[in-house]
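Residue-level listing of the chains:
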Amino acid sequence: GQYWCSIGDDLWAWTWSRSAEVQAWARFDHIGAVEYFAPLGVDMYMRDESDALIVADTDAQTDYSGDFDVTIEFSYQSSGSPGGLKQYQGVDVLLDGTAALAFKYDPRDTLLETSPIQLHGNTRPGYMTPMELCTTDIAPILRYTGQDKLSLDMLTLYFNDLGVI
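Residues numbered from 1 in each chain as written. Predicted model: local features only at pLDDT ≥ 70, side-chain atom pairs only at ≥ 80, totals over all residues. Heavy atoms only, no water.

1. What to know about the overall build of the protein chain
Counting its secondary structure elements, the protein chain contains 0 helices and 12 strands. Counting the 165 residues in the protein chain, one finds 27% classified as buried. Within the protein chain, counting contacts between residues at least 6 apart in sequence, those at least 24 apart form 60% of the total. Roughly 10,900 Å² of accessible area belongs to the protein chain as shown, and the carbon and sulfur atoms make up 52% of that amount. (Helix = DSSP H or I, 4+ residues; strand = E, 2+ residues; numbered from the N terminus. Buried < 20%, exposed > 50% of the residue type's maximum accessible area, 1.4 Å probe, protein only. Contact = heavy atoms within 4.5 Å. Areas by Shrake-Rupley, 256 points an atom, 1.4 Å probe, with all protein chains shown as cover.)

This is the structure:
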């Protein structure tokens, strides 16, 4: 299902799938203020403040010709040991596409972030992708800019639990 919301010049769409247990917000920047929404079948009709009618083209792969900026940001994870120090050593992903993976590591200062690692496809065969970080909580962030398909199906963090500090 979907829930659509217009805030200022931005359009937000909340999409969920009960069977896949997936839910996410999508944000479309600077499209103009949408005053009215009306679904009809699989189409979404929108009207802006100038009474222009916008129809979402459901047959098209995309209604946008530029690159998409995609950010998948996880909440802070304590990896089963709240307050305990963990030594993160590596990561594996199952990814359809190419993206940059970084990590936030201090919930008190959400601007602190590691340098990104470029990842492509399935990194599980062979050795894990190295990533050194000691922290109590970690928040993975996946970033992508482009028009190709991007799908994150799995992210595994490898760590040693060092205990409460």
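2. As for the side chain of aspartate 106
Turning to its location among the elements, aspartate 106 is positioned in the loop between β8 (84-104) and β9 (117-122). A relative accessible area of 13% places aspartate 106 in the buried class. Among the polar contacts made by the side chain of aspartate 106, one reaches the side chain of arginine 108 at a distance of 2.9 Å. (Polar contact = N/O pair within 3.5 Å; in protein donor to acceptor, adjacent residues only side chain to side chain.)

3. Topic: unusual backbone geometry
Although it is not a glycine, serine 79 adopts a positive phi angle of roughly 50°. Its place among the elements puts serine 79 in the loop between β7 (68-73) and β8. On the basis of relative accessible area, serine 79 is assigned to the partly exposed category, the value being 28%.

4. Regarding the pairing of strand β11 (residues 139-146)
In terms of burial, β11 is a largely internal element, 6 of the 8 residues being buried. The pairing of β7 with β11 spans 6 bridges and is antiparallel. Looking at the pairing, isoleucine 72 lines up with leucine 142 of β11. As paired strands, β8 and β11 are joined by 5 bridges and run antiparallel to one another. When the sheet's bridge partners are listed, lysine 104 is paired in β11 with alanine 139. (Pairing = 2+ DSSP bridges.)

5. Examining the sheet that holds strand β3 (residues 22-28)
The strand order across the open sheet formed by 3 strands is β1-β2-β3, and the pairing between neighbours is antiparallel. Each edge of the open sheet is held by one strand with a lone partner, namely β1 (2-7) and β3. Ignoring strand direction, the axes of neighbouring strands in this sheet form an average angle of 15°. Looking at chain direction, strand β2 (residues 10-17) and β3 are connected through 7 bridges and run antiparallel. Within β3, the position partnered with tryptophan 14 by the bridge is tryptophan 25. (Axes fitted to C-alpha atoms, helices over the stretch in contact; angles between N-to-C directions.)

6. Section: the nonpolar core
Leu101, Phe103, Met131, Ile138 and Leu157 are the most contacted members of the largest nonpolar core, which has 14 residues in total. Counting residues per element, the ones that place at least two in this core are β8, β10 (129-135) and β11. Ranked by residues supplied to this core, first place goes to β8 with 7 residues. The residues touching phenylalanine 103, leaving out its near neighbours within four places in the chain, are Val91, Leu112, Glu113, Thr114, Ile117, Met131, Leu133, Ile138, Ala139, Pro140 and Leu157. (Core = buried A, V, L, I, M, F, W, Y, C linked by side-chain atoms within 4.5 Å.)

7. Details of the pattern of salt bridges
In total, this model carries 3 salt bridges according to the counting rule given. A salt bridge links glutamate 73 to lysine 104, with the shortest nitrogen-to-oxygen separation between them at 3.1 Å. With glutamate 73 in strand β7 and lysine 104 in strand β8, this pair connects stretches of sequence that are 31 residues apart. Accessibility expressed as a relative area gives 12% for lysine 104, which makes it buried. In this structure, arginine 108 and aspartate 106 form a salt bridge, with 2.9 Å as the shortest nitrogen-oxygen distance. Among the residues examined, arginine 108 registers a relative accessible area of 76% and is labelled exposed. (Salt bridge = Lys/Arg side-chain N within 4 Å of Asp/Glu carboxyl O.)

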